[in-house]
Amino acid sequence: MESCKCGNFIAKLLTIIDSNEVLDSPEISGTMRAKANRENIDLYSKNHTVAILNIQGTDSYQIYFLKKNMDVNDIEEDLRKFGAVLNHDSKLILKNYIEMMSDEGCKRD
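The sections below set out a description of the structure shown in this document. Numbers given for residues are sequential positions, taken from 1 along each chain in its written order. Where totals are concerned, whole chains, interfaces and linings use all residues; where local detail is concerned, this predicted model gives features only for residues with pLDDT of at least 70, and gives and counts side-chain atom pairs only at 80 or more. Side-chain measures here rest on the full set of heavy atoms in the structure, leaving out hydrogens and waters.

Focus on the overall build of the chain
Then step 1. In this text, helices come from DSSP runs of H or I with a minimum length of four residues, and strands from runs of E with a minimum of two, each type numbered from the N-terminal end. Across its full length, the chain holds four helices and four strands.
Then step 2. If you list the helices and strands of the chain from N to C, you get β-α-α-β-β-α-β-α.
Then step 3. Buried positions account for 39% of the 109 residues belonging to the chain.
Then step 4. The contact criterion used throughout is that any non-hydrogen atoms of two residues lie within 4.5 Å. Restricting the contact set of the chain to residue pairs at least 6 apart, pairs at least 24 apart contribute 64%.
Then step 5. Here the chain displays about 6500 Å² of accessible surface, and carbon together with sulfur accounts for 46% of that area. Burial here depends on accessible area, computed with a 1.4 Å probe over protein chains only, as a share of the maximum for the residue type. Under 20% is buried, over 50% is exposed, and the range in between is partly exposed. Computed with a 1.4 Å probe, the accessible areas rest on the Shrake-Rupley method; for each residue, only the protein chains presented here act as cover.

Some details on the sheet that holds strand β2 (residues 49–55)
Then step 1. Read across the open sheet, the four strands follow the order β3-β2-β1-β4; overall the sheet is mixed. Looking at which strands have only one partner, the edges of the open sheet turn out to be β3 (61–65) and β4 (84–86). Across the sheet, the mean angle from the axis of one strand to that of its neighbour is 35 degrees, orientation sign disregarded.
Then step 2. The sheet contact formed by β2 and β3 spans five bridges and is antiparallel. Looking across to β3, one finds that N54 is bridged to Y61.
Then step 3. Only C-alpha atoms enter the line fits that serve as axes; for helices the fit covers just the stretch in contact. Angles between N-to-C directions range over 0 to 180 degrees. Against the sheet, helix α2 (residues 29–38) makes contact with β2 and β3, and its axis sits at roughly 45 degrees relative to β3, the strand it touches most. Strand pairing requires that DSSP identify at least two bridges connecting the strands.

Thoughts on the environment of L94
Then step 1. Inspection of the secondary structure assignment puts L94 in helix α4 (residues 88–103).
Then step 2. Once the C-alpha coordinates of L94 and T15 are considered, the two residues, 79 residues apart in sequence, prove to be 9.9 Å apart.

Concerning the nonpolar core
Then step 1. Within the largest apolar cluster, 15 residues are counted, with the highest numbers of intra-cluster contacts made by L53, L66, L79 and L94.
Then step 2. Of all elements in the fold, only β1 (9–18), β2, α3 (72–80), β4 and α4 reach the threshold of two or more residues within this core.
Then step 3. With twelve residues, the next largest nonpolar core counts I17, M32, I41 and V50 among its residues. Take the buried Ala, Val, Leu, Ile, Met, Phe, Trp, Tyr and Cys residues and link them wherever side-chain atoms come within 4.5 Å; each set so joined is a nonpolar core.

A look at the side chain of D78
Then step 1. Take D78: it is sitting in helix α3.
Then step 2. Its relative accessible area of 13% is what places D78 among the buried residues.
Then step 3. Look past the residues within four positions of D78 in its chain and what remains in contact with it is K35 and Y64.

Here it is as structure tokens:
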């Protein structure tokens, strides 16, 4: 298992994708449905943008619903619950994507 010097696992961004596409994935759809249920998100009322992260060296996938003006630090804080840290490149990609969503007035959240 890949871990950093601090003993934590590394979480790496796999993709940013529409929730409708994830619903068709047998490997990840259950994880997304569980996350949506915990966050009271209706997956069927509209399409959502989600980030899929893998905790490297494991079969664990974490799903995050991306919203305009959200803080990447919230994702990092959540990952700490799993003993994981977000790798640098993934953090930059997420941060830039969220900024782009906010700047463009993205209609989805």
